[in-house]
Amino acid sequence: MTRALFIVDVQNDFTERGALGVEGGDAVAERISRYLQAHADDYAVIVASRDWHHGTDDNGGHFSDAPDFVDTWPVHCVGGTYGAEYDEVFDTTRVTHHLKKGQGKPAYSLFEGVSDEGETASQILDAHGIRDIDLVGIATDYCVRASTLDALGAGRNVRVLTDLVAGVHPVSSEKALDEIEAAGAVLTTSRF
Ligand code: VGL
Ligand code: ZN
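Values in this document were obtained by computation on a predicted structure and should not be read as measured data.

Colleague: Explanation requested: helix α4 (residues 170-182) in the structure shown.
Modeller: Working note: α-helix, 3.6 residues per turn, so residues spaced by three or four point in the same direction. Spanning 13 residues, α4 covers 18 Å between terminal C-alpha atoms, matching the ideal 18 Å at 1.5 Å per step. Residues of α4 that are buried: S173, A176, L177 and I180. Along α4, the residues classed as buried sweep out an arc of 100° about the axis, all on the same side. Exposed residues lying more than 90 degrees from the buried face of α4 are V171, K175 and A182. Where the residues of α4 are buried, they touch α3 (140-153), β5 (157-166) and β6 (186-188). Among the residues trailing α4, G184 stands out with phi positive, at a value near 120°.

Put into structure tokens, the structure is as follows:
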């Protein structure tokens with residue numbers, strides 16, 4: 001068993017009613033919880049990330065009062081607030097590693113995250129000799145895209161489970177899936 005599951009940013013601010021809520025976020029949180037009930041034992045490690053920004057500055061221009069929803073965003077996922085917590089229906093019992101990213105700067109990739117013990121995703125993968133990653137979460141066109149491209153760039157094999165992701169914009173989400181597939185990711189579903 002040498003496969004990892006990466007669960008990107010399933011947080012209250014990214015699901016419906018959140019500060020940066022994406023359409024379908026609630027459904028994805030619920031489906032990921034059900035997927036874990038059936039499949040957690042298939043994975044050597046289950047790594048979840050959280051966007052975890054400062055509330056006292058604009059996080060390197062990541063927050064804006066006039067966001068363009070491409071490079072700048074409304075205030076979201078301020079560390080220690082409800083919005084930064086995992087979505088309420090995302091059952092994290094089987095998560096083995098928790099990473100935080102984006103403290104004071106934009107960080108779209110889970111590979112930029114660090115656990116409270118100081119461990120990165122690359123270190124976790126290397127420690128367990130893992131080359132194969134399944135990836136799910138939010139947002140398809142931002143953190144899912146960036147995390148997948150980083151994993152491929154680090155020579156890992158990545159499957160993205162497309163029924164367990166949700167994006168900010170439909171058009172850029174479609175484009176992101178095409179891009180990561182062209183870069184070598186396998187697009188599949190949770191029912192493979
Ligand atoms: C994200 C926008 C801003 C993400 C994070 O998790 O995809 N998107 N910060
Ligand atoms: Zn952010």
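Colleague: Looking at this structure, how should I read the pattern of salt bridges?
Modeller: Proximity of charged atoms lets side chains of opposite charge pair with each other. Tallied over the full model, the rule gives 12 salt bridges. Two residues, R34 and E30, come together in a salt bridge whose shortest N-O distance is 3.8 Å. Here E30 and R34 lie together in helix α1 (residues 25-39), a separation of four residues that amounts to about one turn. Two residues, R156 and D126, come together in a salt bridge whose shortest N-O distance is 3.0 Å. With R156 in the loop between α3 and β5 and D126 in helix α2 (residues 121-127), this residue pair connects regions lying 30 residues apart in the sequence. Judged by its relative accessible area of 11%, R156 falls in the buried class. For D126, a relative accessible area of 52% puts it in the exposed group.

Colleague: Would you explain the site of ligand 1 in this entry?
Modeller: Neighbouring ligand 1 are the residues D9, F14, L20, D51, H62, W73, H76, Y108, I138, A139, Y142 and C143. Between H62 and ligand 1, the recorded distance is 3.1 Å, taken from a side-chain N or O atom to a nitrogen atom. Here a nitrogen atom of ligand 1 sits 3.1 Å away from a polar atom, N or O, in the side chain of H76. Burial of ligand 1 by the protein chains amounts to 100% of its free accessible area of 260 Å².

Rules of the game
Residues numbered from 1 in each chain as written. Chains lettered and ligands numbered in written order. Predicted model: local features only at pLDDT ≥ 70, side-chain atom pairs only at ≥ 80, totals over all residues. Heavy atoms only, no water. Helix = DSSP H or I, 4+ residues; strand = E, 2+ residues; numbered from the N terminus. Expected span 1.5 Å × (residues − 1). Buried < 20%, exposed > 50% of the residue type's maximum accessible area, 1.4 Å probe, protein only. Arc of directions from axis to C-beta. Contact = heavy atoms within 4.5 Å. Salt bridge = Lys/Arg side-chain N within 4 Å of Asp/Glu carboxyl O. Near = heavy atom within 4 Å. Polar contact = N/O pair within 3.5 Å; in protein donor to acceptor, adjacent residues only side chain to side chain. Areas by Shrake-Rupley, 256 points an atom, 1.4 Å probe, with all protein chains shown as cover.

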